[in-house]
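# Observations on the three-dimensional arrangement
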Amino acid sequence: ALLIGDIGGDASAWPKALARTLERFPAAGGRLRNVRKGKDIVWQIVCNNAGIPFTTATVPPCGLPSAEELQSVCMDDRGGGLFDLGDAVVGESSLDAEEPLLRMKLVYEEGTARGVLGVSFHHVLCDI
């Protein structure tokens with residue numbers, strides 16, 4: 001998670017800027033798919049320009065963690081609500097699902113410009 005001192009005047013500009021950035025990184029906007037080949041499962045990154053989930057949330061003034069508290073908040077099982085973790089559960093039930101490789105969530109304080117950008121990604125993005 002990244003603590004941001006000034007998210008700008010319009011939080012809705014963030015997804016638009018992200019869309020422009022993803023044009024240069026097509027794998028990040030793709031999906032993770034697995035295909036059965038005989039008895040094996042082969043994982044693939046499908047560069048289909050599906051985009052990434054980008055969610056926003058607001059908190060009351062002074063509702064964001066301080067820089068000192070941010071690391072411990074992020075280590076919570078659910079990331080302190082700062083991340084979009086999706087609904088999929090890894091296991092047999094998710095074998096046919098195509099999952100986004102990257103998710104972002106912007107949490108910002110009402111009436112201020114402070115925010116936290118939570119970035120969650122599948123490890124295969126680092127493996128390519």
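Since we're looking at a predicted model, the values are computed, not measured.

## Looking at the overall build of the protein
- Along the protein, the regular secondary structure elements total three helices and seven strands.
- Listing each helix as α and each strand as β along the protein from the N terminus yields β-α-β-β-β-α-β-β-β-α.
- A burial count over the protein gives 34% of its 128 residues as buried.
- In the protein, the share of contacts with a sequence separation of at least 24, taken over all contacts with a separation of at least 6, comes to 62%.

## Quick word on the sheet that holds strand β2 (residues 31–37)
- Reading across from one edge, β3-β2-β5 is the order of the three strands in this open sheet, with antiparallel pairing throughout. This sheet does not close on itself; its edge strands, each paired only once, are β3 (40–46) and β5 (99–100).
- Note that β2 and β3 share seven bridges and pair antiparallel. Paired with Lys37 across the two strands is Asp40, which belongs to β3.

## Considering the pattern of salt bridges
- In the structure shown here, the tally under the stated rule is four salt bridges.
- Of the charged contacts, one joins Glu98 and Arg33 as a salt bridge, the two residues approaching to 2.5 Å between their closest N and O atoms. Of the two residues, Glu98 is situated in the loop between α2 (67–74) and β5 and Arg33 in strand β2; the sequence distance between them amounts to 65 residues.
- Among the residues examined, Arg33 registers a relative accessible area of 29% and is labelled partly exposed.
- Between Arg103 and Glu99 there is a salt bridge whose closest N-O contact spans 3.2 Å.
- By relative accessible area, Arg103 is classed as buried at 13%.
- Taken together, the shared-partner salt bridges connect Asp84, Glu99 and Arg103 into one network.

Calculation criteria
- Residues numbered from 1 in each chain as written.
- Predicted model: local features only at pLDDT ≥ 70, side-chain atom pairs only at ≥ 80, totals over all residues.
- Heavy atoms only, no water.
- Helix = DSSP H or I, 4+ residues; strand = E, 2+ residues; numbered from the N terminus.
- Buried < 20%, exposed > 50% of the residue type's maximum accessible area, 1.4 Å probe, protein only.
- Contact = heavy atoms within 4.5 Å.
- Pairing = 2+ DSSP bridges.
- Salt bridge = Lys/Arg side-chain N within 4 Å of Asp/Glu carboxyl O.

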